[in-house]
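Read off the chains here:
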Amino acid sequence: MRNRYLDLLRFLAIVRVVVYHVTGWATLTLVFPAMSVMFALAGSLMAASLARSGPVAVGRRLRRLLPSLWVLAAVFVPAMLLTGLSLSPRVLLWLFPIADPPANNWGAVGLSTIWYLRDYLWFVLASPVALWLFRRAPLPTLLAPYVVLVTIEVGIYPAPPVVREFGLYFGAWLLGFAHHAGMLRRLAGRVLYPLSLALAVAGGAWIVTHPGPRGYDLNENHLGNALWSAAFILVVLGRAPAGVAWLERSRLADRVVTVVNRRALTIYLWHMPFVVALTPLVDVVGWSRQDPVGLAVRVLLVFALVGLVTLVVGWVEDVAARRRPELIPAGSATVPAQRVSGAAATVEITAG
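So, here is what we can say about the structure in this document.

Definitions and limits used
- Residues numbered from 1 in each chain as written.
- Predicted model: local features only at pLDDT ≥ 70, side-chain atom pairs only at ≥ 80, totals over all residues.
- Heavy atoms only, no water.
- Helix = DSSP H or I, 4+ residues; strand = E, 2+ residues; numbered from the N terminus.
- Rg over C-alpha atoms; globule rule 2.2 N^0.38 Å.
- Buried < 20%, exposed > 50% of the residue type's maximum accessible area, 1.4 Å probe, protein only.
- Contact = heavy atoms within 4.5 Å.
- Areas by Shrake-Rupley, 256 points an atom, 1.4 Å probe, with all protein chains shown as cover.
- Lys, Arg positive; Asp, Glu negative; His and termini not counted.
- Charge placed at Lys NZ, Arg CZ, Asp CG, Glu CD.
- Core = buried A, V, L, I, M, F, W, Y, C linked by side-chain atoms within 4.5 Å.
- Salt bridge = Lys/Arg side-chain N within 4 Å of Asp/Glu carboxyl O.
- Polar contact = N/O pair within 3.5 Å; in protein donor to acceptor, adjacent residues only side chain to side chain.
- Expected span 1.5 Å × (residues − 1).
- Arc of directions from axis to C-beta.
- Bend = angle between axes of the 7 residues up to and from the residue.
- Phe/Tyr/Trp six-rings, centres within 6.5 Å; stacked < 30°, edge-to-face > 60°.

## A word on the overall build of the chain
Working step 1: The helix and strand tally for the chain stands at 17 helices and zero strands.
Working step 2: Over its C-alpha trace the chain gives a radius of gyration of 20 Å, about what one expects of a compact globule, namely 20 Å for 352 residues.
Working step 3: A principal-axis box enclosing the C-alpha atoms of the chain has dimensions of 55 × 50 × 45 Å.
Working step 4: Expressed as a percentage of the 352 residues in the chain, the buried residues total 52%.
Working step 5: Across the chain, contacts joining residues at least 24 apart in sequence account for 77% of those joining residues at least 6 apart.
Working step 6: With the model as given, the accessible surface of the chain reaches about 15500 Å², and the carbon-plus-sulfur share is 71%.
Working step 7: Distance between charge centres in the chain, computed from 30 positive and 15 negative side chains, equals 10 Å.

## Some remarks on the nonpolar core
Working step 1: By size, the foremost hydrophobic cluster in this structure holds 92 residues, and its most contacted members are Trp-94, Trp-173 and Leu-237.
Working step 2: With 12 residues, helix H1 (residues 4-23) is the largest single contributor of residues to this core.
Working step 3: Ignoring any residue separated from it by four or fewer positions in sequence, one finds Trp-173 in contact with Phe-39, Ala-40, Ala-42, Gly-43, Met-46, Tyr-120, Phe-123, Val-124 and Ser-127.

## As for the pattern of salt bridges
Working step 1: Overall, the coordinates contain 12 salt bridges when judged by the stated rule.
Working step 2: Among the salt bridges present, the one from Glu-153 reaches Arg-164, with a minimum N-O distance of 3.2 Å. With Glu-153 in helix H7 (residues 138-153) and Arg-164 in helix H8 (residues 161-180), this residue pair connects regions lying 11 residues apart in the sequence.
Working step 3: By relative accessible area, which is 22% here, Glu-153 ends up partly exposed.
Working step 4: Glu-220 is the partner of Arg-214 in a salt bridge, and the nearest nitrogen-oxygen pair spans 2.5 Å.
Working step 5: Its relative accessible area of 25% is what places Glu-220 among the partly exposed residues.

## So, the side chain of Glu-317
Working step 1: Here Glu-317 shows up in helix H17 (residues 315-320).
Working step 2: The buried charged residue Glu-317 lacks any salt bridge partner; its closest oppositely charged side chain belongs to Arg-263, at an N-O distance of 5.4 Å.
Working step 3: Only 2.6 Å separates the side chain of Glu-317 from the side chain of Thr-266, close enough to count as a polar contact.

## Some words on helix H16 (residues 292-313)
Working step 1: Between its first and last C-alpha, H16 extends 31 Å over 22 residues, near the 32 Å set by a 1.5 Å rise per residue.
Working step 2: Within H16, the full set of buried residues consists of Gly-294, Leu-295, Arg-298, Val-299, Val-302, Val-306, Val-309, Thr-310 and Val-313. In a view along the axis of H16, the buried residues occupy a sector of 140°, so they form one face of it. The outward face of H16, more than 90 degrees from its buried face, is lined by the exposed residues Leu-300 and Leu-308.

## Examining H7
Because the α-helix completes a turn every 3.6 residues, residues three or four places apart line up on one side.
Working step 1: The end-to-end C-alpha separation of H7 is 24 Å, in line with the 22 Å expected for 16 residues at 1.5 Å each.
Working step 2: At Ala-144, H7 shows its maximal bend, which comes to roughly 35°, and the proline Pro-145 appears one to four places after that position.
Working step 3: For H7, every residue scored as buried is listed here: Thr-141, Leu-142, Pro-145, Tyr-146, Leu-149 and Ile-152.
Working step 4: Elements in contact with the buried residues of H7: helix H6 (114-136), H8 and helix H11 (222-238).

## Side note on the packing of aromatic side chains
Working step 1: Taken as a whole and assessed by the stated rule, the structure comprises 19 aromatic pairs.
Working step 2: Here the aromatic rings of Phe-39 and Tyr-169 are separated by 4.9 Å at their centres, their planes lie at 40°, and the arrangement is tilted. Placement of Phe-39 in helix H3 (residues 34-53) and of Tyr-169 in helix H8 is noted, with a sequence separation of 130 residues between them.
Working step 3: On the numbers, 6.2 Å between centres and 55° between planes, the contact of Phe-76 with Trp-106 is tilted. Pair noted here: Phe-76 is in helix H4 (residues 56-82) and Trp-106 is in helix H5 (residues 105-110), with a separation of 30 residues, a long-range link.

Here's what the structure looks like:
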């Protein structure tokens, strides 16, 4: 059973990520903290899978995650080896990115979004133990990543990067656990809204007092990102509707949302190489990054190119999910969502 509201959130998150990488508009990270939302949705789905299948869900999730990465690697790893990347055993990380796989100078930029798969992989592997702890002590488990992140950001604990990533995004993943368990929906408004406001104020204050090179960009502020995103997730998941009636009535909108959800991982993996490849157009044509026409054209070109590559290799996501391969996924054939606990009406996706 599909919850189209969760589909819609993921659709918005993917579109926002692509537009942000083209435009560089830091404001977009505040308006819609897409990466944390994607991790929260993935955490909710992972909790549902573990509840249904047990630890075997880990293997199934990896099976759906990795093939699209392998397709990308089959194209770009040989190209990087031919342009300066040293052949070493670390190249095997492109098969199972438990750490950042190696890249040459242009590959490090064009394939920089691989960090999401690295974190996702760690979170999937940690989920059986995390869910066991969450069921026995939900609040301490939920707070633990944020406490760790605070100790890192204030200088108490000089942690390695992987621990910082757990502090930043595993909190969102665990909020997904809470969503699946129905905890967020059961929070009374007199608790949820003041709590969200307090987190947003705290996160906003940290962001304003600790701006990064690009100003108030959440991607450059770990603690501000975590707090602001937690406030956002509490509202959008804590007050999630059972469905989206207007989406279910519009065949075109329903189809677009379905296609993006079914091809979310392909879109995410392939959009950044096109963003990097099209950047020289700004100088050649004479458009500045502030030129609205130039930015609009670049956004449209990136989506067009991603659409083409999705037609060519997107079916890999169907194979990984053991669905019948489709060039363009069909509509949702939505079954009306029922009022069930949390996210039991899960979404069939590969990127989250």
